[in-house]
Structures are given as C-alpha cells and as structure tokens.
Amino acid sequence: MEGLHHDTILEPSAKDSAKIKKESNEEEKGETHSDQADSMDFSTSTANQSLSAEDKVDLYEKMVRIRRFEERSLRSYQQGHIGGFLHLYIGQEAVAVGSVSMLGEDDHVITAYRDHGHALAVGMDFDECMAELYGKKTGCSKGKGGSMHFFAPDKNYWGGHGIVGGQTPLGLGIAFALKYNKKKGSCLCFMGDGATNQGPFYESLNLASLWNLPVVYIIENNGYSMGTAESRHSAGDPLARRGEAFDIDWSVSNGHDIYEVRQTISDALTSAHEKCRPSVLEIVTYRYRGHSVADPDQTYRSKEEIEEYKTNKDPLNLFREKLIKEGNISEDQIKTIDNRAKGDAEASAEFADASPYPDPSELMDDIYWETDNPGEKTSEGTMFFETPS
Amino acid sequence: MAKITYREALNQALSEEIKRDNNVVLMGEEVAQFKGSYKVSEGMLEKFGAERVIDTPISEAAFSGLAVGAAMMGMRPVVEFMFWSFCYVAFDQIFNNAASVRYMSGGLINVPIVFRGPANGGTNVGATHSHTPENFAANTPGLKVICPATPADAKGMLKAAIRDNDPVCVMENTILYNMQDEVPDDPDFIIPLGKANILKEGKDMTIIAHGKAVHTSLEVAHTLEEKHNVSVEVLDLRSIRPLDVDAIIKTVKKTNRVLLVEENKPFCGVDAQIAFLIQDQAFDYLDAPIKRVSAIDAPQAYSKALENIQIPAHDRILAKAMELI
Ligand SMILES: Cc1ncc(C[n+]2csc(CCOP(=O)(O)OP(=O)(O)O)c2C)c(N)n1
Ligand SMILES: [Mg+2]
C-alpha cells in the first residue's frame, strides 16, 4: 500500500482531528466519520439502519449500471463512435450513488466533467446518455454538450461542467435560489481534488459561509488532478480542512464504502436543511482509467497501484461482499443485475448508433431562449451573423 | 414626462422591475448600504430591503456565478460590476457559464440574468479601469449586449434586459450618469433590444455610433451642418447584439456615405463588423469608402493630455468626416 494516496489520509493516528467535523454533535462523531480508517462499519449508522434489503440491492444495482454503461462507452470510444474526451468514473461509483440516494425533493446536484456517474445516479437513462456521447440528436443535450455536459433540470441535475472549478459558484447560486424561495433544500456541488486549487472555489466558500447557504461541496479526491498527484498539487492536508478558514464544517471520509458515503452526506444535508449551513466533504476514492480514456496512464502512477485498488478497495466488490454477508443478495440476483446492466448498455449503444445526427439547422437552436421562442420574441434586429446556408 | 438623469433612469428601471417581479434582485459590491459606487442604487436598500438589494464581497467570479446558478433556477438577478473592467476576473462565469449553458443543455435551461455597470474610458483611471468589452461580449453567441446612450434608453432598455429570458450585458457610462433628459414614467415603458435610433436626420452622410460616441457624433454633425453645409444623419445603435442591421443598411442607402465612430479599440471592434455588413449588403450604394474613428490603439492612458487624444473627440471625428466629402 506504500504510495497509495489515501494511505496517509486515512491513517487513523495522524488524522483523527481531521475527521472530526466542526460543531458536530458529540455522539455523532464516532459514528459518522471514519476515525477508525476505512474498515469501520457504517451499515447500521443512522443513515443506513432503515435500509431494506431491496433498497440495498437497488443501490448495488445503480453502481453496477454506471460501471457497465461506462465500460460499454469505452468500447464505443475505441471503435471511434465517440469523439473528444471521455472521463470515466469507474472506481468512484459509490460516491455518486451513495450521495444521490440521500437526496429529497428540493435537493439538487451539479458536478464537473466526470459526470456520467452522477447523471445516471439521478435517474437519467442509458439511451439519452449514450446518444449524447455519440453526438446524436437523441442525446440528452441533442448532441451539443457531449460527455462533459449532461443536464437534466427535471431531475434537479444541473450538469456537467467542463471548466475545472467553474461549477463551484453555480452550485452556490442554486443553493442561493433555494434559500431565497424558502425551500428546505440543498445543492450538492461535486468537484475533484485538483479543482480545489481554483480561486472561485474560495470565493464561493466565503460567500457560502457568510450568507449561510445550503451548499455541500463534495471533493471527490481520487488522488490525481490529471497526472498530478495530490502531494504535487496541493499544500496543506487534508484538502477539506480548507473549509475551516471560512468556519465551514468539513470532514474526510472513505468513498469506497457506500454506507459511509451515505452517512457523511446525511450529516451534511441535516446541516444544510436545518441550519442552512454549507459543508466541505472530502470523499476519498480512486479512478481506474486514464484521466480521459485516451490519456497515458503510466507516467504518474503504477499498474500495481491501480491493481491494489481494484483488488482491495473496489466499491462494487466491497458492497457486494457486504450484501452477501448480510444475506441481502443472492448469486442469482447478482447475475441478473449484471446481465441486465450489460444488456441495457449494449442496447443503448445500438440506440445511439441507429439515432440520427442533428440536422445542420439545429446548430442555431438552443442559443437564445428568444430565438427558440419566436412567438414570444421581444427584441428586434439581427441575432446571428453567420448561419448554415 | 420628467427630466431625470441617466443615473436616476437606471434607478427607476431597477426599482420598478424589483417591485414588479419577486424574482428580481440586485447584487454587487457596494450596491446596498453604500448606495452604489456611482449612486445608481441610491435609496433601494431602504425601499426593498437587504434580501433584494444585496452587498457582495469583492468576489466577481463567485457572485457572477452565483447569479448564473440562481438564474438557472428561475431567478432574475441583476449583477452590478463596479466597472465592467472587473468582469475579467469573472470571465468564465459570464462567457462560459451564462453564455453556453443553454446550448450545452440542448435548450433545457435558460439564464435570465443581467450583468450591468459602466464600461468606458475618459475618466483618467488608467488601463485597468477603462475597458469597453462590448465587442468581446457580442462575439459570444448566447450573450446579448446593449450600450444605452440616453436617459430614456437607459431606463427602457434596462427594463427590457431584466425582462429578457437570456443573459444581457448592459454597458453604461459613468460620464453619462449625470446627463439629464426626459424619461417616461410609465412602469411599462420598454425599449426593445435590437432597435437602433436615428437621433438626427440628414441626407449627405451618416455617422453610426454607440454609447457616449453618439453624443460626440451629434456635435460633429451640427458643426458639419453649420460650418460646412453638410447634412448629416446620426444613427445610435443602442443595441450591439441583437444588431439593427436593417436600420444600418437603410441609412447607408439613403446617404451613401458612412462614418463609424466608437470609443472601443479598433481591432475586431464593433465597427469592424458593421463595416463588413455595409460593404456586404450595400456596396453599390457607397459613394466613398467607409471611414472609421475609434479609440487610439494603446492601453487606455491615465494622463488627461493623452486620454483626451485617445478617445474620439470632436475634431478627430470632424477631420475624418471631411475626408468623406
Ligand atoms: C480551468 C481549467 N483548467 C484546466 C483544465 C483541463 N483539465 C481538465 S480536468 C483536469 C484535472 C482536474 O482534476 P480533478 O479536479 O482532481 O478532477 P478529476 O479529473 O480527478 O475528476 C484538468 C487540468 C480545465 N478543464 N479547466
Ligand atoms: Mg482528481
């Protein structure tokens, strides 16, 4: 385990203080944060104790579906059906699925460009997502957003943002609007470890705390900002402690364990809903694939390191083993879930392949609300200065 | 109709729209307690409270982005920049997020937001505080851009911008803030975006301008008429994007000679696009090459002695106009 980025972070003796959430209730502390490193059992913590076997299987299935979808998308990329970047979430599934599973009606989600996992977790379907990757008209953004820009406002999902850290003020604004409209909601704003070094994040933390906004910043610390390890990109440790300068509650937790993710999010949501307070949650996780799938992957980390995670920390394996041990899932169910996910992923690739590309005229749609709604036009004059002939 | 200043006109527009629509808020540095760096929002905190008129820290990226996020959720924030020059630290939020979110979501989202504030040189504050980014903004599909030059336009167009369902950049001018003119007090007085205005009719030549250059151009037009017996038409663009191309082509076809005046820098400035449109759509109507006067192509100078030369002034515009006749 030498050299694995979160070894240091999860070292219990060194990091005890780091995991204690400021202002959290004394009795919650031990239960909600991984003081005892990643082996601590959260299956019976408050956020998880009422989960039925069915709920648990459902969580498992959601993670499996994300993985199978992305594996299928990787094949499509290699076959040349998908262009540009493809930032896969494989290895991090427990973070999105665990987080989103805690959300209520007025809770919202926004994230960066590694967004397929969050999109599927909020309930977007394989077909619209795969078709978007293929650049097809039937894609969730009609082929105009691509891998990095999935959106589903009807599911409280606000993207999918390609500029590192660029979504951090937007998440703040979503929380602002919720508070302005007197909703007891929150915005989960996901970001990477590398994104913590963007200035707007700190401007946002200041405002979040100053104005008591219900935004939850979730740093998915997968150890790397592209090919730059955390130890080479960030001073000060852990990253979440940066919230302390703004009097924001923060914590570090183990993102390989979906139970722990759920408990961490649950605490932050309580704080957002009941006290309108922001949080900074650092959730330690790992990505298996290159930064984008075409990126070299051996220049900054070893094969052994990746293997180590796959073997010992894989969130799907860990959860499946737990479910088996708890007697909540059968071998048959496991197989059925896997086959269904693979089948649906295959079908989505076929759907995407068979779907038409957008028509050239669609280049000019969706730029302005006004030009899309000519019946309600209020402006005059020329809006576009070069259009397809 | 009362005679009020450009500043009061903006205040009326903001106040009326805040009253009219609960989704409208004004936020920015010093807009509330301090009463506005240029006193545009004077009295609004008292009238509407701190929930609607919101002082922010000096964090343009965060409060611009916050406002974009809130607009995605259906609010209608008006973001004040103390100077448009400061938008550069929020560039990503305006030019990526506000401008592109609709497109990248395939039309699922719209961003009804206004970014406003002064965008002008001429006040001896040096290069960092004198930017005129209307050309940058207009170069970005997804954004709308207006440069009101009169008190009535300031009110009518800001109100239109706030009611607009797309992001609108409103570029004002500190030098015009004290200008007085008649402004309708009808709370539904609206001037649509994209509609240019002929401020003076003429038949021998047209001067096309926007922002404060409109007023310098009017002075030149009067000089030309009185001293040189040339009848000059002055067209105020008012809105940069959308642009009233029809009005431009119409006046060129009428006068056959055109001078473009702007306080923006020349390279890829707004008038570069307008010159292209004229030669493309009215080439055969031109009796002389299109002429152009813009800010002198250097970072904005601090010294009065230099900045007065830099910004198109009466005599430089007049000299260029004389080349046309
Ligand atoms: C402002 C900006 N700079 C650089 C990039 C290029 N880039 C994309 S992702 C990335 C690394 C970000 O790493 P992290 O925040 O840890 O997220 P992860 O990829 O690990 O999910 C970089 C440098 C970008 N998209 N935006
Ligand atoms: Mg990372």
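If you're wondering where the values come from, they're calculated on a predicted model, not measured in any experiment.

## Here's the deal with the coordination of the magnesium ion (ligand 2)
Residue and element names in this part refer to chain A.
- Bound to the magnesium ion (ligand 2) on the protein side are Asp193 (OD), Asn222 (OD1) and Tyr224 (O), at distances that span 2.1 Å.
- Look at where the donors of the magnesium ion (ligand 2) fall in the sequence and you get D-x28-N-x1-Y. Within this pair, whereas aspartate 193 is found in the loop between strand E2 (186-192) and helix H9 (199-210), its partner tyrosine 224 is found in strand E4 (residues 224-225), the two being separated by 31 residues in sequence. Pair check on accessibility: aspartate 193 and tyrosine 224 agree, each one buried.

## With respect to the interface of chain A and chain B
- Every contact between the two is made by 49 residues of chain A and, on the other side, 56 residues of chain B.
- Around 4,200 Å² of area is buried between chain A and chain B when both sides are counted, 65% of it from carbon and sulfur atoms.
- Applying the counting criterion to the chain A and chain B interface returns four salt bridges.
- In this structure, the salt-bridge partner of lysine 144 of chain B is glutamate 370 of chain A, at a minimum N-O distance of 2.5 Å.
- Of all the secondary structure elements, the ones that give two or more residues to the side of chain A that touches chain B are helix H8 (167-180), H9 and helix H15 (369-372) of chain A.
- The biggest single contributor to the side of chain A that touches chain B is H8 of chain A, with nine residues.
- Tallied by class, residues from the side of chain A that touches chain B come to 25 nonpolar, 14 polar and ten charged.

## Description of the sheet that holds strand E3 (residues 53-55) of chain B
Residues and elements named next belong to chain B.
- With mixed pairing, seven strands are arranged side by side in an open sheet as E3-E2-E4-E5-E7-E6-E12. Unpaired on one side and paired on the other, E3 and strand E12 (239-241) mark the two borders of the sheet. If you compare each strand with its neighbour and ignore which way they point, the axes differ by 20 degrees on average.
- Inspection of the sheet shows strand E2 (residues 24-28) paired to E3 by three bridges, in the parallel sense. Paired with glycine 28 across the bridge in E3 is aspartate 55.

## Remarks on the packing of helix H4 (residues 53-78) of chain A against helix H13 (residues 315-326) of chain A
Residues and elements named next belong to chain A.
- Their axes nearest at 10 Å, the elements H4 and H13 cross at an angle of 155 degrees. The angle between the axes of H4 and H13 places the two elements in the roughly antiparallel class. When you trace H4 past H13, the crossing you get is left-handed. Across the interface between the two elements, Lys56, Val57, Leu59, Tyr60, Met63, Val64 and Arg67 from H4 touch Pro315, Leu316, Phe319, Arg320, Leu323 and Glu326 from H13.
- In the contact of H4 with H13, the residues fall into nine nonpolar, no polar and four charged.

## Side note on unusual backbone geometry
- Here the residue pair aspartate 237 of chain A and proline 238 of chain A is connected by a cis peptide bond, since its omega of -5 degrees sits within 30 degrees of zero.
- Checked against the element boundaries, proline 238 of chain A lands in the loop between helix H10 (230-233) and strand E6 (249-254).
- Residue arginine 241 of chain B is joined to proline 242 of chain B through a cis peptide bond whose omega torsion reads 5 degrees.
- Mapping proline 242 of chain B onto the fold places it in the loop between E12 and helix H8 (245-255).
- Positioned with a positive phi, cysteine 276 of chain A is a non-glycine residue whose angle comes to about 55 degrees.
- Here cysteine 276 of chain A shows up in the loop between helix H11 (258-275) and strand E7 (279-284).
- Phi at lysine 39 of chain B takes a positive value of approximately 60 degrees, unusual for a residue other than glycine.
- Relative to the helices and strands, lysine 39 of chain B is located in the loop between E2 and helix H2 (44-48).

## A few points about the side chain of serine 294 of chain B
- Within the secondary structure layout, serine 294 of chain B lies in the loop between strand E14 (291-293) and helix H10 (304-310).
- Taking the relative accessible area as the measure of exposure, serine 294 of chain B reaches 9% and is therefore buried.

## Quick notes on helix H1 (residues 6-20) of chain B
Residues and elements named next belong to chain B.
- Over its 15 residues, H1 runs 21 Å from end to end, which matches the ideal 21 Å to within 8%, given 1.5 Å per residue.
- The element H1 is largely enclosed, with a buried count of eleven among its 15 residues.
- Burial in H1 covers these residues: Tyr6, Arg7, Ala9, Leu10, Asn11, Ala13, Leu14, Ser15, Glu16, Glu17 and Ile18.

## Details of the environment of alanine 152 of chain B
All names here are of chain B.
- Relative to the elements of secondary structure, alanine 152 occurs in helix H6 (residues 151-163).
- Along the sequence, alanine 152 and proline 312 sit 160 residues apart, while their C-alpha atoms lie 24 Å from each other.
- Other than its neighbours up to four places away in sequence, alanine 152 contacts Glu182, Val183, Pro184, Phe189 and Ile191.

## Digging into the domain arrangement of chain B
All names here are of chain B.
- Per the domain assignment, the segments of chain B are domain 1 (2-183) and domain 2 (197-322).
- Its C-alpha centre places domain 1 at a distance of 26 Å from the equivalent point of domain 2.
- Contact with domain 1, which involves 27 residues of that partner, is made by 26 residues of domain 2.
- Buried surface at the junction of domain 1 and domain 2, both sides included, amounts to about 2,000 Å², of which 54% is carbon and sulfur.
- Of all residues in domain 1, the largest losses of buried area upon contact with domain 2 belong to Asn124, Asn135 and Cys147, amounting jointly to 25% of the total for that side.
- Linking domain 1 with domain 2 are one salt bridge, by the criterion used here.
- Among the salt bridges present, the one from aspartate 153 reaches arginine 238, with a minimum N-O distance of 2.9 Å.
- Connecting domain 1 to domain 2 are 15 residue pairs in polar contact (both at pLDDT 80 or more).

Rules of the game
Residues numbered from 1 in each chain as written. Chains lettered and ligands numbered in written order. Predicted model: local features only at pLDDT ≥ 70, side-chain atom pairs only at ≥ 80, totals over all residues. Heavy atoms only, no water. Donors = N, O, S within 2.8 Å, 3.2 Å for Na, K, Ca; no water. Helix = DSSP H or I, 4+ residues; strand = E, 2+ residues; numbered from the N terminus. Buried < 20%, exposed > 50% of the residue type's maximum accessible area, 1.4 Å probe, protein only. Contact = heavy atoms within 4.5 Å. Buried area = accessible area lost by both parts, 1.4 Å probe. Salt bridge = Lys/Arg side-chain N within 4 Å of Asp/Glu carboxyl O. Nonpolar A, V, L, I, M, F, W, Y, C, P; charged D, E, K, R; others polar. Pairing = 2+ DSSP bridges. Axes fitted to C-alpha atoms, helices over the stretch in contact; angles between N-to-C directions. Parallel < 35°, antiparallel > 145°, perpendicular 65-115°, else oblique. Left-handed = near helix turned anticlockwise from the far one by under 90°. Expected span 1.5 Å × (residues − 1). Domains from an automatic or database assignment. Polar contact = N/O pair within 3.5 Å; in protein donor to acceptor, adjacent residues only side chain to side chain.

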